[in-house]
Amino acid sequence: MNPRNRRQSVVTIHDGRTHVVALCRGFRDGLPVFGWGEAPATLLTRTQLRAAGLRPNGQDPVALLVFRHHRPYARETVAELFSTERAAPRRVPSPAQRRALAFALRARRVCVECAREKDYCVPTSTRQCWDCFEAEAADATDALEVA
Ligand SMILES: [Zn+2]
């Protein structure tokens, strides 16, 4: 677990047929807030749903993804997260598309640095797991302190 996120709340998300229990950073507008790469793998943004051949299917968002880009002055970005369980296919997916979705979901959990599959999605910007990201961030902080 990322040691930087000490203030976390346990949240139960009703994800269609199942309930997903996850650690979130708090709540906004009554929705659990996840940081980049921390949301449960079954929750996707509108863009990610589209990439997976799905659509929200009239459901309300079940959570929010809140993150900043790497530059410290970059403004906060908020994306609504939708349940893949309650999403509908944009068209009937072929077996190839189903395989592509399964592959995409798995790929989102594999770190490019250590090649381990994590139980969360790694950020698409770095494709690193939090352990590797933290290690790099720590190096960068050390460099700053020396400078
Ligand atoms: Zn890693």
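Residues numbered from 1 in each chain as written. Predicted model: local features only at pLDDT ≥ 70, side-chain atom pairs only at ≥ 80, totals over all residues. Heavy atoms only, no water.

1. Points about the sheet that holds strand S3 (residues 27-28)
Each strand in a sheet pairs with another by means of backbone hydrogen bonds, the pair being arranged parallel or else antiparallel.
Item 1. Pairing in this open sheet of 5 strands is mixed, and the strands run S3-S4-S7-S8-S5 from one edge to the other. Two strands bound the open sheet, and with one partner strand each, they are S3 and strand S5 (43-45).
Item 2. With 2 bridges joining them, S3 and strand S4 (residues 31-34) adopt antiparallel strand pairing. Residue pairing in the sheet places phenylalanine 27 in a bridge with proline 32 of S4. (Pairing = 2+ DSSP bridges. Helix = DSSP H or I, 4+ residues; strand = E, 2+ residues; numbered from the N terminus.)

2. Details of the nonpolar core
Most often, soluble globular proteins have nonpolar side chains that are buried together.
Item 1. Counting 14 residues, the largest nonpolar core has Val11, Ile13, Phe34, Leu43, Ala63, Leu65 and Leu81 as the members making the most contacts within it.
Item 2. Taken together, the elements giving at least two residues each to this core come down to strand S1 (9-15), strand S2 (18-24), strand S7 (63-67) and strand S8 (77-83).
Item 3. If we skip the residues at most four places from it in the chain, alanine 63 touches Leu31, Pro32, Phe34, Leu43, Ala79, Glu80 and Leu81. (Core = buried A, V, L, I, M, F, W, Y, C linked by side-chain atoms within 4.5 Å. Buried < 20%, exposed > 50% of the residue type's maximum accessible area, 1.4 Å probe, protein only. Contact = heavy atoms within 4.5 Å.)

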